[in-house]
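Fold and geometry: a report
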Amino acid sequence: MDRFRNKVTFLSFALAVLIVLRHSIGIGIYDLPRWLYVIELFIQQGTDIIVPVFFAMSGFLFFTNLKWKDFPRKLKTRFHSLFIPFVLWNLIGFLLVFIVTHIPAFSGKINTTSPPTDIVSILKATFWDTEYNITWFIKDLMIFVVFAPLFKLLNINKLMGGGILLLLLVAGYYTKNSIILYSSTFYLGAYFGEYHSQETRMCYNNKLVFLSFVLLLISIILQTIYNAPQGAGIVWLRLLQIPLVWICADMLATNSEPKWWMKTSFIIYCAHHLVLEPFEKIIYTILGNNTLGALFDIMVAPVVDRKS
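The rules behind these values
Residues numbered from 1 in each chain as written. Predicted model: local features only at pLDDT ≥ 70, side-chain atom pairs only at ≥ 80, totals over all residues. Heavy atoms only, no water. Helix = DSSP H or I, 4+ residues; strand = E, 2+ residues; numbered from the N terminus. Rg over C-alpha atoms; globule rule 2.2 N^0.38 Å. Contact = heavy atoms within 4.5 Å. Areas by Shrake-Rupley, 256 points an atom, 1.4 Å probe, with all protein chains shown as cover. Lys, Arg positive; Asp, Glu negative; His and termini not counted. Charge placed at Lys NZ, Arg CZ, Asp CG, Glu CD. Buried < 20%, exposed > 50% of the residue type's maximum accessible area, 1.4 Å probe, protein only. Axes fitted to C-alpha atoms, helices over the stretch in contact; angles between N-to-C directions. Parallel < 35°, antiparallel > 145°, perpendicular 65-115°, else oblique. Nonpolar A, V, L, I, M, F, W, Y, C, P; charged D, E, K, R; others polar. Phe/Tyr/Trp six-rings, centres within 6.5 Å; stacked < 30°, edge-to-face > 60°. Lys NZ or Arg CZ within 6 Å of the ring centre and 35° of its normal. Salt bridge = Lys/Arg side-chain N within 4 Å of Asp/Glu carboxyl O.

Here the focus is the overall build of the protein. The helix and strand tally for the protein stands at 15 helices and zero strands. In terms of overall size, the protein behaves like a compact globule, its C-alpha atoms giving a radius of gyration of 20 Å where 308 residues would be expected to give roughly 19 Å. Long-range contacts, defined here as pairs at least 24 residues apart, represent 79% of the contacts in the protein between residues at least 6 apart. When the accessible surface of the protein is summed, it comes to about 16,400 Å², and 71% of that surface belongs to carbon and sulfur atoms. The average position of the 25 basic charges and that of the 17 acidic charges among the side chains of the protein differ by 9 Å.

Dropping the structure here:
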């Protein structure tokens, strides 16, 4: 049990660090030389799997050994671990933008418009559009949790569960709805938690880990070569990559207790944008639009943000 729990903790921390690296990429911001563009494109493609893996792990942990009587307790814990942080971190983001855009010395030097003044627009921009902090993944996760009882009700056997996943992919594809598409990753984890919990928790042999790493690397290289679409537009590939990431992460499944700072991955997810964006703007202002600025951004900004 300790080995599995440590694997989840180490993988979650690794994903949190990688999401900071992803948001330090200078594509579309800097005029990158070809070699640096290829490197950053590879990072961009490879880190696009982070949120789907996060959703899948959340679904697995929610549904493992889940009984109907457990739902009130599970929903209560998710209220405290998801809803309350979602509200707090978005309010912090809103207040920071509101304050900065109303200080004359800063208002004309940042590429951020002042928040709306009417309460309805403020609530929509802050909590639904998540304009002031990158917390959309928490909003989506809360929606998946709300519909978890329906998935439990319909998921009467393995065939039905697989059919639901396929239905979500088809519905998401035709409606172009990212929430529906991403829900397939959460319920993929739920499916494994429901029917393949022991296989998911097992230790994998080195040959399988190496093979999974090679296949994952090949898929990312191909994505980079063809500059595959980001986000929910390629969720079908993410459903194939998620098990590969999980098997590769068996290298992190140790009996060593993670350090306390490795248990702060959720805080990094929620807070990194508030630290990273101002720091990146300072880098861009001081060093300018050049290769040095881009390198300093992607190499230093993630370190500063992670240690903040």
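Read on, since the account is not over.
What follows deals with the environment of threonine 224. Tracing the backbone shows threonine 224 in helix 12 (residues 206-226). With a relative accessible area of 12%, threonine 224 lands in the buried category. Residues threonine 224 and glutamate 40, 184 residues apart in the sequence, show an inter-C-alpha distance of 9.6 Å. What threonine 224 contacts, discounting residues up to four positions off in sequence, is Val38, Leu41, Phe42 and Gln45.

Any two packed helices are characterised by the angle at which their axes cross and by the distance between the axes. Interaxial distance between helix 3 (residues 50-63) and helix 13 (residues 235-248) falls to 10 Å at its minimum, and their mutual angle equals 75 degrees. Judged on the interaxial angle alone, helix 13 and helix 3 are roughly perpendicular. Residues Pro52, Val53, Ala56 and Met57 of helix 3 form the contact with helix 13, whose participating residues are Arg238, Ile242, Val245 and Trp246. Residue classes in the contact of helix 3 with helix 13 are distributed as seven nonpolar, no polar and one charged.

Under the criterion given, the structure shown has 27 aromatic pairs. Ring geometry for tyrosine 30 and tyrosine 284: centres 5.3 Å apart, planes at 55 degrees, overall tilted. A residue pair is termed long-range when its members are at least 10 positions apart, and tyrosine 30 in the loop between helix 1 (2-22) and helix 2 (34-47) and tyrosine 284 in helix 14 (residues 265-287) qualify at 254 residues. Residue class for tyrosine 30 comes out buried when judged on its relative accessible area of 5%. In this structure, lysine 176 packs its charged tip against the face of tyrosine 173, placed 4.3 Å from the ring centre. A cation over an aromatic ring shows up here: arginine 201 above the ring of phenylalanine 4, its NZ or CZ 4.2 Å from the ring centre.

For the rest of this paragraph, the subject is the pattern of salt bridges. With the rule as written, the count across this model stands at ten salt bridges. Here aspartate 70 ties to arginine 73 by a salt bridge, and the two come within 3.8 Å at their closest N and O atoms. Overall, the relative accessible area of 13% leaves aspartate 70 in the buried class. Glutamate 257 is the salt-bridge partner of lysine 263, the closest N and O atoms lying 2.9 Å from each other. Under the relative-accessibility criterion, lysine 263 is labelled partly exposed at 49%. If you follow the salt bridges from partner to partner, you end up with Arg3, Lys7 and Asp250 in one network.

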